[in-house]
Amino acid sequence: MSLSIIIWLPAVAGALSLLAPRAVAGRLAVVGALATLVLAVILLVGFDNSAPGLQNVTDQNWISALGIHYKLGIDGLNVWLLTTTAMLFFAAILFASFREWERPNLFFFFFAVAESAVLGAFCAQDLILFVVFFDLMLIPFYFITGMWGGEGRVQATTKMVIYTLIGSLLMLVAAVATGVIAAEGGQPLTFAISGLQQAGLSTGTQEWIFLGFAAAFLVKMPLFPLHGWMPDAYRTMPLPALAVFSGILSKVAAYGFLRIVIPLFPDGAAHFQELLLLIALASIIYGSVMAFTQTNLRLIFGFSSVAQLGFIVLGIFALSPRGAEGALLQMVNHAVITVPVFLIIALLAARSRGSEDIREMGGLAFRAPLLAALFLIVSLATLAMPGSSNFIGEFYILLGVFESKTVIAIIAFSGVAMAAVYALRAYISTMHNRVGAQATPREIGLQDALVLVPLVLVILALAIYPQAPLKAAQGPAARSVAKARLALDPLDQRASTQKISQVTP
Amino acid sequence: MTLATSAWLVLACPLVGMLSIALLGKKLSPRLAGTIGTLAIALAFAFAVVTLIKLQQLPSNARLETTSLWDLANVGGVKIEVGLYIDPLSTFMILIVTGVSTLIHLYSAGYMQTDKGYVRYFAYLNFFVFSMLLLVLAGNLILLIVGWAFVGAASYMLVSYWYRRETATAAGIKAFVINVIGDIGLVLGTLFLFRTMGVLDYGQLFSNIHVAFDKDAPELVAAMLLILVGAFAKSAQIPFHTWLPDAMEGPTPVSSLIHAATMVTAGVYLIGRLHPLFEWAPTAAAVGAIIGAITLLVAGSIGLVMTDLKRVIAYSTMSQIGYMIMGVSAAAYVGGFFHLMSHAFFKALLFMAAGSIISAMGGNQSLNNMKGFRKAMPFTFACFLAGGFALSAFPLFSGFFSKDTLLYEVGARGGWYWALYVAGYVGAAFTVFYTWRMIFRAFWGQPCKEAVVVMETGDAYHPAQHTNPHTGNEDDPSTQEVEDPEVGFPGHEHRYAEKTWQMRYAMIPLAILAVFAGVIQLPFGITNVISDFLHPTFADSTVAYMPEDSGLEAFGLILSSVIAIVSLIAAYWIWVRRPGSSAAIQARLPWIHKLFVNKWYFDELNHAVIIAPMAAVGRFAKNTFERIVIDGAMVGGATGIVRAGSSVVRSGQSGYMRAYASLIVLGLIGVALYFLIESA
């Protein structure tokens, strides 16, 4: 099956909804997202875990003069992320379609374009194509925040645009430089990721190019201290859009490290390993501390995302197969919990006369047991309770880090403890205690339940069998970090430290 | 049915029970939910008995079976199976857990029948039992951690079951967070073990430990100490115990479940389960034993002065678990698990009897207000007596034999273990005093007004409005917060044992067991049921299993009897014959009393060392750092650079965000189109 169909289907549906009557705009976008989801699931089912290399490759000359290809493909790194994206966008668009929006045609158009761009970024196998999709996916969110956002949207959009554009520009420069420098030896100019892997850039070059990509990705996630745009943007963005923005777009950045940065610039990654680990660690601690001081639900989970992405980056820059596998699993997990979290916040706000402040909520559980149960499961998954798939992801991540950087892993555990505090605090202050000042308890509606119950079932299914995404990640994750690992430790002594492997047959 | 199948079914019953109650939800009548919940656990008990029979059919040197259903994760050299480890120890535990839990479910069906959250209650209760069984049966460290965390989550749900009470939700989150800290200890310990050994299954851990580590190697000691943190947090050992007394916020049958059958015994089980590792890291084992001894003394001393009936029993649990932790850490396995069993019986019984009294008191839990229930509630009184005699280790009751076996095994190791032995007997005196203080104050003397109501009307006392006993002045309901009637104990009708058959039939078997269960493991080798049964699990122990020193054994029995009888007489003297004498003692030793009443200031210590600094860091991050550094320097700086660099962009962005963004899109689309046409 051609990946182009999956990628562009939402945008086509979005374009149609631009032309359609107001009343059906949302429905068209929903149909487009649903069709995409079906195709993505078929793709996942047909995916061959054992085959090395890319599958379902599309490769066409795009800008031949510059050697830029329209090249798409899937492997274990992105196949689960692709399907997760299709699922979560479908859920968010469906959820949004149950609500009234001003200028719905335009709203759903942007939403659908965002889905196409994210899918494109996950599938792109050409550096420039990736950059294009990466920037394209941000644009709809500028509009959505600027046009449909809440109070303070102009300032929020300005901050977001400036931050992300600086990041994007650095990335663009870095991407162009990669291709140009790699072609210096007389090879033809190419930006294909597979081709560039053999390029063998000098260590010095790798280091500065690494920083260009890292800046873009760290801003996008965001990680401490580059999260300055996040609170304002999170406070104003419409919740269905925020759900996918926080849940999925941040993963494109994390994925970019594994797809592009570490395989192409292994020496750079090895050189800056400790810097990135420290940034990740700082994000875990800072994000967690901030999360339990906030009273706005969006920001509690916004800062929680900072901490969770800290864990993911920690796993990636453990530069070990286990760390990368855990990071990939955790990307899927975090996306799958973040989207329901923000959708639930929308429901909670609707039951608190629009307030998103936990001090004004409370006591909803008695009248809304199903909503309470859903929120409880999602909260427990957020704090990576053992038994959730998030726990397995974190376990692999911390295992990867623990092997070489024991102290960092031990400090990172404080984030796990703090997650318990802020996640339960959010749950208790909305669902339990006396009925809050603004609270008007009522059960989740049938339509919204139709969106949220399946998502929670997916969380439970992943908890029972996290092996499925792990298995796909296994080979590609190890290959992604292999060179950097070698750059880090040419002798790779760690493999031989496990005495047991000599003891048991 | 094979051994493996029956073990899986033990696990499946409460899970199916929980799911069916939760999914049917409000469609179920309360009575039906209670019936399903109770039957599910009873069925699990039946399968546990089948497991026992199947296990005993195996030759004694091969009483171990592992079985697995699927791989939770199996990449990168980490294999985590959903697998069970069935041996005498885990079978022993599932029998106690399911057996006692069945009775607690039955009791709950009566006790909670007027509560509005009845259906939710039974779903939680079944989940709790499922979690504990998973913990006990797990075949590897990760699945153990999963069960471990589920128990924590279940306890959170049940402790804050009456969630309109802020005291209950605060207690719930406290229990949960301390348990998460325990989980982290376990996970870190596991990482330490895994880094060197590369395995997670018990079997491989046990058989390779001597090769992978030198005896008492620092890394192994570190791992085992971290695992002990997990055990301490779950078993409420110092300094991780502060959640346990607060957990009294839950309904009384929940306290019974947490204290008797599930949860707090998990730490004891864990140390027993991992005994080959602890014996290979004697430093860590010694720490466990010493903390257990300290806990049993500290908790016992606090139990002497608490005035909330349930909290006295809670501190008594902490103290008794201290004995068990001390025992199993000191390789007193038979005594440790024997005491775990008898404690499960008498502690479940004591909580049930306490629940009956609290019901009759209309929800008031203060010993200061209870008096003279002896005649008003003879059945409850008899049960409380049976539990009280067993708890205070009165000669010939179950607690007498189990505690003595434990201390005998500890003492027989000689050396510094003598200090633990002495601590155990000092603690025994504490136990007698706090137990009988409770009994004398609640059952003797001139009946209080609630007891009179029970005697005269044959019904429980009903206060005009229900209040939360954990707020305001403990003794004066008028100062306490009024309950939210939608979800709050105790509903509008109270159930006490004399009037409720479910409660009675749950208490009778426990009373019989509390009195007589000691006969299965009598001293001097008269009966050896437990030591023989558990022997295969501990056959690899490097410490002598069940020492033979009848002199020491006899000495212990005599000492124990003397302590029990003399202290009982003294307690009678203090609280019945000379009612003023306890106040006189308090006046004589005010600072000790203050220390005990303030629970040795552990809550204040936690607050000063952990919570206050964290809150300060949080405030600093939110109010200062974020504003000045992130928003000021970072955002301001970035914005400034852009503004300075491009006046064109500046004029474009001030107020014209949409136009600005549109320009980008148009530009991008234009470039893309150009190259598309070019390449075609």
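Read on for a plain summary of the structure. As the structure is a prediction and not an experimental result, all values here were calculated from the model. Residue numbers run consecutively from 1 along every chain, following the written order of its sequence. Chains and ligands are labelled by the order in which they are written, letters from A for the one and numbers from 1 for the other. Only residues with pLDDT of at least 70 get local features here, since the model is predicted, and only at 80 or more are side-chain atom pairs given and counted; chain-wide, interface and lining totals rely on the full set of residues. Computation of side-chain values: all heavy atoms of the structure, hydrogens and water removed.

1. Observations regarding the overall build of chain A
- Where helices and strands are cited, they refer to DSSP runs of H or I of at least four residues and of E of at least two residues respectively, numbered from the N terminus. Counting its regular elements, chain A contains 20 helices and two strands.
- Computation of the radius of gyration draws on C-alpha atoms alone. For the globule rule, the value is 2.2 Å times the number of residues to the power 0.38. The C-alpha atoms of chain A give 22 Å as radius of gyration, which agrees with the globular expectation for 505 residues (23 Å, within 12%).
- Once the C-alpha set of chain A is aligned to its principal axes, its extents read approximately 65 × 60 × 45 Å.
- The cut-offs for exposure are 20% and 50% of the maximum accessible area for each residue type, with area from a 1.4 Å probe on protein chains only; residues under the lower value are buried, those over the upper are exposed, and the others partly exposed. When the 505 residues of chain A are sorted by exposure, 69% land in the buried category.
- Two residues qualify as a contact provided that any one of their heavy atoms is within 4.5 Å of a heavy atom in the partner residue. By sequence separation, contacts in chain A at least 24 residues apart represent 82% of the contacts at least 6 residues apart.
- A 1.4 Å probe and the Shrake-Rupley method give the accessible areas. Residues count as covered only by the protein chains that appear here. With the model as given, the accessible surface of chain A reaches about 15,100 Å², and the carbon-plus-sulfur share is 65%.
- Charged residues are defined narrowly, with Lys and Arg counted positive, Asp and Glu counted negative, and His plus the chain ends left uncounted. All charge positions are set by atom: Lys at NZ, Arg at CZ, Asp at CG, Glu at CD. Looking at chain A, you have 27 positive and 24 negative side-chain charges, and the mean spots of the two groups are 8 Å apart.

2. Points about the pairing of strand 1 (residues 65-75) of chain B
Residue and element names in this part refer to chain B.
- Relative to strand 2 (residues 78-86), strand 1 is paired through eight bridges, and the arrangement is antiparallel. Across the sheet, N74 pairs through a bridge with K79, a residue of strand 2.
- Hairpin geometry of strand 1 and strand 2 is characterised by an intervening segment of two residues between the two adjacent antiparallel strands and by a positive phi of about 60 degrees at G76. Pairing between strands is defined by DSSP: at least two bridges between them are needed.

3. Let's talk about the nonpolar core
- Core analysis: the largest hydrophobic core is formed by 444 residues, its most contacted members being A:F213, A:L314, A:F317 and B:F373.
- Excluding residues within four positions of it along the chain, B:F373 makes contact with B:I357, B:A360, B:M361, B:A442, B:F443, B:C448, B:E450 and B:A451.
- B:A289, B:M326, B:L407 and B:Y417 belong to the second-largest nonpolar core, a separate cluster that totals 19 residues. We call a set of buried Ala, Val, Leu, Ile, Met, Phe, Trp, Tyr and Cys residues a nonpolar core when their side-chain atoms join them within 4.5 Å.

4. Some thoughts on the packing of helix 4 (residues 118-137) of chain B against helix 5 (residues 141-159) of chain B
All names here are of chain B.
- Simply put, an axis is a line fit to the C-alpha atoms, just over the touching stretch for a helix, and the angle between two N-to-C directions goes from 0 to 180 degrees. Where helix 4 meets helix 5, the closest approach of the two axes is 8 Å, and the angle between their N-to-C directions is 155 degrees. Here helix 4 is positioned roughly antiparallel relative to helix 5, judged by the angle of their axes. In the crossing of helix 4 with helix 5, the sense of the turn from one axis to the other is left-handed. Packed against helix 4, whose contacting residues are Y121, Y124, L125, F127, F128, F130, S131, M132, L134 and L135, the element helix 5 presents L143, L144, V146, G147, W148, F150, V151, A154, S155, M157 and L158 at the interface. Here the angle decides the label: under 35 degrees means roughly parallel, over 145 means roughly antiparallel, 65 to 115 means roughly perpendicular, and every other value means oblique. Left-handed describes a crossing whose near helix is turned anticlockwise from the far helix by less than a right angle; the clockwise case is right-handed.

5. What about empty space enclosed by the protein?
- In the cavity and pocket records, a cavity denotes points on a 1 Å grid over the protein atoms alone where a 1.4 Å probe fits but cannot get out, a pocket denotes an open set with protein on both sides within 12 Å along at least 5 of 7 lines, and lining residues are residues with an atom within 4 Å of a point. Grid points are joined across faces, edges and corners, and a volume is the space filled by probe spheres set on the points. The tally for this structure, following the rule as stated, stands at eight cavities of 30 Å³ or more.
- Taken as a whole, the largest cavity holds about 130 Å³ of empty space.
- Every residue lining the largest cavity is counted, 14 residues in all, and those nearest its centre are A:A384, A:P386, A:F391, A:V416 and B:V187.
- Listed by contribution, the elements that provide at least two residues to the lining of the largest cavity are helix 16 (389-404) and helix 17 (406-431) of chain A together with helix 6 (166-197) of chain B.

6. Some thoughts on the interface of chain B and chain A
- Between chain B and chain A, the contact holds 79 residues from the first and 82 residues from the second.
- When two parts are brought into contact, each loses some accessible area as probed by a 1.4 Å sphere; the total of that loss over both is the buried area. In total, chain B and chain A occlude about 7,000 Å² of area from one another, counting both sides; carbon and sulfur atoms represent 73% of this.
- Throughout this description, the term salt bridge denotes a Lys or Arg side-chain nitrogen within 4 Å of a carboxyl oxygen of Asp or Glu. In this assembly, chain B and chain A are joined by zero salt bridges.
- Looking at the side of chain B that touches chain A, the elements with two or more residues in it are strand 1, strand 2, helix 5, helix 6, helix 7 (202-212), helix 26 (602-645) and helix 28 (657-679) of chain B.
- Considering every element that reaches the side of chain B that touches chain A, the biggest residue donor is helix 6 of chain B, with 18 residues.

7. Thoughts on a nonpolar patch on the surface
All names here are of chain A.
- Patch membership needs two things, relative accessible area over 30% and no salt bridge, and members are linked within 9 Å if like-charged or within 5 Å if nonpolar (Val, Leu, Ile, Met, Phe, Trp, Tyr). Together, W8, V12, L16, L18 and L19 line one region of the surface with nonpolar side chains, adding up to about 480 Å² of accessible area.
- Take L19: it is sitting in helix 1 (residues 3-19).
- The exposed category is assigned to L19, whose relative accessible area is 72%.

8. Quick word on the packing of aromatic side chains
- A pair of Phe, Tyr and Trp rings is counted when the ring centres sit within 6.5 Å of each other, with Trp represented by its six-membered ring. The angle between the planes then sorts it: under 30 degrees is stacked, over 60 is edge-to-face, the rest tilted. What the rule picks out here adds up to 58 aromatic pairs over all chains.
- With centroids separated by 5.4 Å and ring planes inclined at 75 degrees, the aromatic side chains of B:Y121 and B:Y161 adopt a geometry described as edge-to-face. With a gap of 40 residues between them, B:Y121 in helix 4 and B:Y161 in the loop between helix 5 and helix 6 connect regions that are remote in the sequence. As far as burial versus exposure is concerned, B:Y121 and B:Y161 are alike and both buried.
- By the ring-pair criterion, three or more aromatic residues cluster together here, those being B:F381, B:F384, B:F389, B:F394, B:F397, B:W436, B:F440, B:F443, B:W444 and B:Y572.
- Here the basic side chain of A:K220 rests over the ring of A:F245, its NZ or CZ set 4.2 Å away from the ring centre. Any Lys NZ or Arg CZ that is within 6 Å of a ring centre and within 35 degrees of that ring's normal is treated as a charge sitting over the ring.

9. Some remarks on unusual backbone geometry
- A cis amide bond, omega -15 degrees, links A:M221 with the succeeding residue A:P222.
- Residue position: A:P222 is located in the loop between helix 8 (203-220) and helix 9 (230-236).
- A:P225 follows A:F224 through a cis peptide bond whose omega is 0 degrees.
- You can see A:P225 is positioned in the loop between helix 8 and helix 9.
- The backbone of B:L396 sits at a positive phi, close to 80 degrees, despite the residue not being glycine.
- For B:L396, the position within the fold is in the loop between helix 17 (378-391) and helix 18 (398-412).
- One non-glycine residue, B:Y601, lies in the positive phi region at around 60 degrees.
- By the secondary structure assignment, B:Y601 is in the loop between helix 25 (590-597) and helix 26.

10. Focus on the pairing of strand 1 (residues 55-63) of chain A
Residues and elements named next belong to chain A.
- As judged from the six bridges shared by strand 1 and strand 2 (residues 68-74), these two strands associate in the antiparallel manner. Across the sheet, residue N61 finds its bridge partner in strand 2, namely H69.
- Between strand 1 and strand 2, which pair antiparallel one after the other, the connecting turn spans four residues, and G67 there sits at a positive phi close to 70 degrees.

11. Topic: the packing of helix 16 of chain A against helix 6 of chain B
- Contact geometry of helix 16 of chain A with helix 6 of chain B gives a least axis separation of 11 Å together with a crossing angle of 50 degrees. Overall, the two elements helix 16 of chain A and helix 6 of chain B adopt an arrangement that is oblique. For the element pair helix 16 of chain A and helix 6 of chain B, the recorded crossing hand is right-handed. Each of A:F391, A:F395, A:L398, A:L399, A:F402 and A:E403 in helix 16 of chain A lies in contact with helix 6 of chain B, whose residues at this interface are B:V187, B:L188, B:T190, B:L191, B:F192, B:F194 and B:R195.
- Note on residue classes: Ala, Val, Leu, Ile, Met, Phe, Trp, Tyr, Cys and Pro are nonpolar, Asp, Glu, Lys and Arg are charged, and everything else, Gly too, is polar. Looking at the contact of helix 16 of chain A with helix 6 of chain B, its residues break down into ten nonpolar, one polar and two charged.

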